[in-house]
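Structural characterization, general
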Amino acid sequence: STFSYTFDTPAYKGTATINTGLFIGGEWVDPVEPATIDVINPVNGKVITAIAAGSSKDVDIAVAAAHKAFKTSWGLKCPGATRGRLLNKLADLMEENIDELTALEALDVGKVFTLARGTEIPASIKCIRYFAGWADKIQGKSIETTENKLAYTRHEPYGVVGQIIPWNVPMVMLSWKVGPALATGNTILLKPSEITPLSALKFADLVNQAGFPPGVFNIVNGYGHSVGQAISEHPAITKLSFTGSTFTGRKILKAAAETNLKVVTLELGGKSPTIIFDDADLEQAIKWASHGIFFNMGQACTAGSRIFVQEGIYDQFLAKFTAVAKALGDAIGDPFSPTTRHGPQVSQAQFDRIMSYIEVGKAEGGKVVIGGERHGEEGYFIKPTIFTNCTTDMKIVQEEIFGPVCAVMKFKTEEEAIELGNDTIYGLGCNIFTENTSRAIRVAHAMETGSAWVNHAHIPELSVPFGGYKQSGIGRELGEYALETYTQVKGVHINI
Ligand code: NAD
């Protein structure tokens, strides 16, 4: 069935229409066992619509459709140039529907429409284009061997890949996974988060319009413990790419290990440090530290939730940073208002989790200098929150909160900053602020993180690999590395 929503808001006027079924073999179908999941509006807690919820039976059907497409019309049967052309066509269609895609995410995630319209959704389109460009440039090597032999490598697709994504940046996560998987010739079974399925359903329609062969891209919505688990265990899925929490990542790796040893890429949680030296451009550091933690209401895997400031500028930084957080808190509200800069958290569960972390922080001796409370009577709004008086052993400094909550702490020396920054089980990113280039490079190299940003904060580049050290993940997305993620290498030996 279809769902239409008319937006009559200051930021966007228009109607978005999606199909709420499962997208299998190029068609919209109902689940084998009828079931639905309510999609909730985080602004007021009300039900927006209900979407079809699949089970392991639907996963089986979707994998069969994806497998058939791989063997007959995609994979080694479809030239790279054709795959690239279709991906570019898809990106064109996303561009034509950019307002609708953005509005759907603002509706179910609670993203601020004007911000998402200017950044994330265009970035998702660029990502599909970036990988479209790689589709006909996947090359092996010719290798020197013993006499009278020719050997070369081929980078071949896996076949059916499973992709499981979280709710915080749905279209970005989808594009990071779908772009390289299709460019390299795989077919896909995608499971969006059950909390934020809307934009992916719109995307599926665009896949059909672009003219992809049926079964190349499939969506089965549903819960993690049913559909997610079935994907992780499926014997015909040989590659699985997951983005989400470290807790779920562990379960997926276990399921893969105990079934068919599928190759697993994991993009997991983080507790990224922002390190500000006293020679930094303070205004820039404050601007980026704020973006680092408060972007997307703190719901970012690379959120700079631990801010370490060198003692000489600590007081000045804290005063100005607090003022910035206050201004952001004053611009909290309806995601469809053009003046809003900070929306709600995604769900009641996340709201409760973050509020309980704020209480834990206070009980541990942390001091709330701004925020620390909800905004309004309804919905899941939390004001940007800064803690001081924190030590690195505190729960709010060690655990991923995934909300607009940070701890600002002091350090004396470069050595100490590195030690404090690395004092975590996570290793996704770090943000370093200094005008001393040698120091910037030294610290970037010393950090145990998959990404290091100098004098800006957590802006991924499509051409640069992204992923985690330590318990933040396994494998890399984006850039040329993503092609490795979605291909397996064959060595061909020829006796001549
Ligand atoms: P989550 O782990 O709860 O869920 C992620 C996805 O996994 C959802 O689609 C969910 O339905 C599914 N899932 C849940 N249980 C499953 C199971 N047993 N088997 C298979 N699939 C299952 O995470 P979330 O709350 O949606 O997202 C927040 C987390 O994602 C944070 O920890 C954040 O750091 C992380 N994240 C990481 C990155 C990155 O690139 N490293 C990016 C965005 C978000």
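The rules behind these values
- Residues numbered from 1 in each chain as written.
- Predicted model: local features only at pLDDT ≥ 70, side-chain atom pairs only at ≥ 80, totals over all residues.
- Helix = DSSP H or I, 4+ residues; strand = E, 2+ residues; numbered from the N terminus.
- Rg over C-alpha atoms; globule rule 2.2 N^0.38 Å.
- Contact = placed C-beta atoms within 7 Å.
- Near = placed C-beta within 6 Å.
- Nonpolar A, V, L, I, M, F, W, Y, C, P; charged D, E, K, R; others polar.
- Buried ≥ 20, exposed ≤ 12 C-beta atoms within 10 Å, placed from the backbone.
- Axes fitted to C-alpha atoms, helices over the stretch in contact; angles between N-to-C directions.
- Parallel < 35°, antiparallel > 145°, perpendicular 65-115°, else oblique.
- Left-handed = near helix turned anticlockwise from the far one by under 90°.
- pLDDT = per-residue confidence, 0-100.
- Pairing = 2+ DSSP bridges.
- Right-handed = clockwise from strand over helix to strand, strands pointing away.
- UniProt positions renumbered as here; feature names shortened; annotations may be inferred.
- Core = buried A, V, L, I, M, F, W, Y, C linked by C-beta atoms within 7 Å.

So, on to the overall build of the protein. For the protein, the helix and strand inventory stands at 16 helices and 24 strands. The C-alpha atoms of the protein give a radius of gyration of 23 Å, which matches the 23 Å a tight globule of 496 residues would have. Counting only C-alpha atoms, the protein reaches 70 × 60 × 40 Å along its principal axes. Considering only contacts within the protein whose residues lie at least 6 apart along the sequence, 72% involve residues at least 24 apart.

Moving on: the site of the ligand. With respect to spatial proximity, 30 residues lie near the ligand, and among them Pro166, Gly224, Gly228, Gly244 and Cys301 are the closest. Contributing elements (two or more residues each) for the shell around the ligand: α8 (224-233) and α9 (246-258). For the shell around the ligand, the residue count by class is 10 nonpolar, 15 polar and 5 charged.

Located in the positive-phi region is Met297, a residue other than glycine, with phi close to 60°. Among the secondary structure elements, Met297 is positioned in the loop between α10 (282-294) and β15 (306-310). Assessed through the 31 C-beta atoms surrounding it within 10 Å, Met297 is described here as buried. Positive phi outside glycine occurs at Leu478, with the angle close to 65°. With respect to the helices and strands, Leu478 occurs in the loop between β23 (473-474) and α16 (481-485).

Right, let's get into the packing of α10 against helix α11 (residues 314-330). Taken N-terminus to C-terminus, the directions of α10 and α11 make an angle of 50°; their axes are 10 Å apart at the nearest point. Considering their axes alone, α10 and α11 lie oblique with respect to each other. Like other packed secondary-structure pairs, α10 and α11 cross with a definite hand, here right-handed. From α10, Leu282, Ile286, Ala289, Ser290 and Phe294 reach across to α11, where they touch Gln316, Phe317, Lys320, Phe321, Val324, Ala325 and Leu328. Per-class residue counts for the contact of α10 with α11 are 9 nonpolar, 2 polar and 1 charged.

Attention now goes to the confidence of the model for the protein. Per-residue pLDDT for the protein has a mean of 98; in total, 100% of the residues score no lower than 70. Among the scores for the predicted complex, ipTM is 0.95 and pTM is 0.98.

In this section: the pairing of strand β13 (residues 263-267). Remark: a regular strand shows side chains that alternate across the two faces of the sheet. Examined bridge by bridge, strand β12 (residues 239-243) and β13 share 5 bridges and lie parallel to one another. Looking at the pairing, Phe242 lines up with Leu266 of β13. Crossover connection from β12 via α9 to parallel β13: handedness right-handed. With 2 bridges joining them, β13 and β23 adopt antiparallel strand pairing. Bridge pairing in β23 places Leu266 opposite Ile474.

Here the focus is the UniProt feature "domain: Aldehyde dehydrogenase" (unreviewed entry) in the protein. Within the UniProt annotation, "domain: Aldehyde dehydrogenase" (unreviewed entry) is assigned to residues 28-491. Across residues 28-491 one finds 41% helix and 20% strand; the C-alpha atoms that close the span lie 40 Å apart.

Our next topic: the sheet that holds strand β20 (residues 429-433). Pairing in this open sheet of 7 strands is mixed, and the strands run β16-β17-β18-β15-β14-β20-β21 from one edge to the other. Each edge of the open sheet is held by one strand with a lone partner, namely β16 (367-370) and β21 (451-454). Along the sheet, successive strands turn relative to each other by an average axial angle of 25°, direction set aside. For β15 and strand β18 (residues 405-411), the ladder comprises 5 bridges, and the chain directions are parallel. Its bridge partner being in β18, Phe308 is matched across the sheet by Met409.

Pairing is antiparallel in the open sheet, where 3 strands are placed in the order β7-β8-β24. Every other strand in the sheet has two partners, leaving β7 (142-143) and β24 (487-495) as the edge strands with one partner each. Pairing of strand β8 (residues 149-157) with β24 involves 9 bridges; the strand directions are antiparallel. Paired with Leu150 across the two strands is Ile494, which belongs to β24.

To continue, consider the environment of Gln284. The residue Gln284 is located in helix α10 in this model. For the pair Gln284 and Asn455, spaced 171 residues apart in sequence, the C-alpha separation works out to 7.5 Å.

Further remarks concern the nonpolar core. If you look at the biggest cluster of nonpolar residues, it comprises 88 residues, and the most contacted ones within it are Ala66, Leu87, Ile128, Ile188 and Leu189. For this core, the element with the highest residue contribution is helix α6 (residues 170-183), accounting for 9 residues. When near neighbours in sequence (up to four residues on either side) are disregarded, Ile128 contacts Leu87, Leu90, Ala91, Met94, Ser175 and Gly179. Counting residues in hydrophobic clusters, the runner-up holds 52 residues, among them Ala303, Phe308, Met409 and Leu428.

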